[in-house]
Amino acid sequence: MIDEKINNSLKELEDSLNNIESARRQVEKIVTSHEALSNSTTEFVNSLNNVTTKIQIIIDLIGKDYNQRINTFEIESKKAIESVKTASEKLAIASDEFSYSLTNIRNILNYNFIVTILLLIIFISSICLIFANGIKLM
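In this text the structure is predicted, and so the values were computed from the model without any measurement. (Residues numbered from 1 in each chain as written. Predicted model: local features only at pLDDT ≥ 70, side-chain atom pairs only at ≥ 80, totals over all residues. Heavy atoms only, no water.)

Participant: Would you mind showing me how to read the overall build of the protein here?
Facilitator: Secondary structure assignment for the protein yields one helix and zero strands. Relative to a compact globule of 138 residues, whose C-alpha radius of gyration would be 14 Å, the protein shows 58 Å and is clearly more extended. Counting only C-alpha atoms and orienting by the principal axes, one finds that the protein spans roughly 200 × 15 × 10 Å. Expressed as a percentage of the 138 residues in the protein, the buried residues total 0%. Between the mean site of the 14 positive side-chain charges and the mean site of the 17 negative ones, the protein shows a separation of 18 Å. (Helix = DSSP H or I, 4+ residues; strand = E, 2+ residues; numbered from the N terminus. Rg over C-alpha atoms; globule rule 2.2 N^0.38 Å. Buried < 20%, exposed > 50% of the residue type's maximum accessible area, 1.4 Å probe, protein only. Lys, Arg positive; Asp, Glu negative; His and termini not counted. Charge placed at Lys NZ, Arg CZ, Asp CG, Glu CD.)

Here it is as structure tokens:
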């Protein structure tokens, strides 16, 4: 009976040791899985950080490009406005000069018309005098 009790105790002890070994393997498996999950999570976070950094770089580049295009547009717009303003001023000056030239031409034509009328009057008067004198002479 004592042998049987010893054997039963040894059997129970062996079963307990087997259960402890099984539990140790399960804990080891959980720890390994936890480490793998932790490594995967760290890799995922690092990947997200890389994506965030690249997106920020792209946003910065787009912002710089946008600002450059706006600055170029403003410069070109100012140049175009100045060019139009200069052309408008030159056109106004040319228009004034042309108007002045037309006025001068009109004045010259009026003067020439008056001189022509006077010459015509003198000519007609001269002819009348010649005829009047020619009739008296005869």
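Picking up where we left off.
Participant: Where do I start with the pattern of salt bridges in this structure?
Facilitator: Close approach of charged atoms allows side chains of opposite charge to pair. Counted by the stated rule, this structure contains six salt bridges. Ionic pairing is found between Arg24 and Glu28, a salt bridge with its closest N-O pair at 2.9 Å. Of this pair, Arg24 and Glu28 both sit in helix H1 (residues 2-137), separated by four residues, roughly a single helical turn. Classification of Arg24 by relative accessible area gives partly exposed; the value is 42%. Judged by its relative accessible area of 45%, Glu28 is partly exposed. Between Lys79 and Glu76 there is a salt bridge; the shortest N-O distance is 4.0 Å. Here Lys79 pairs with Glu76, and both are found in helix H1, just three residues apart, close to one helical turn. Through salt bridges with shared partners, a single network forms among Glu21, Arg24, Arg25 and Glu28. (Salt bridge = Lys/Arg side-chain N within 4 Å of Asp/Glu carboxyl O.)

Participant: What exactly am I supposed to notice about the environment of Phe98 here?
Facilitator: Counting through the fold element by element, Phe98 comes out in helix H1. Along the backbone, Phe98 and Ser47 are 51 residues apart, and their C-alpha atoms lie at a distance of 75 Å.

Participant: Sorry, what's going on with the environment of Ser77 here?
Facilitator: Tracing the sequence through the fold places Ser77 in helix H1. On the basis of relative accessibility, which here comes to 23%, the residue Ser77 falls in the partly exposed class. For Ser77 and Ala94, which are 17 residues apart along the polypeptide, the C-alpha to C-alpha distance reads 25 Å.

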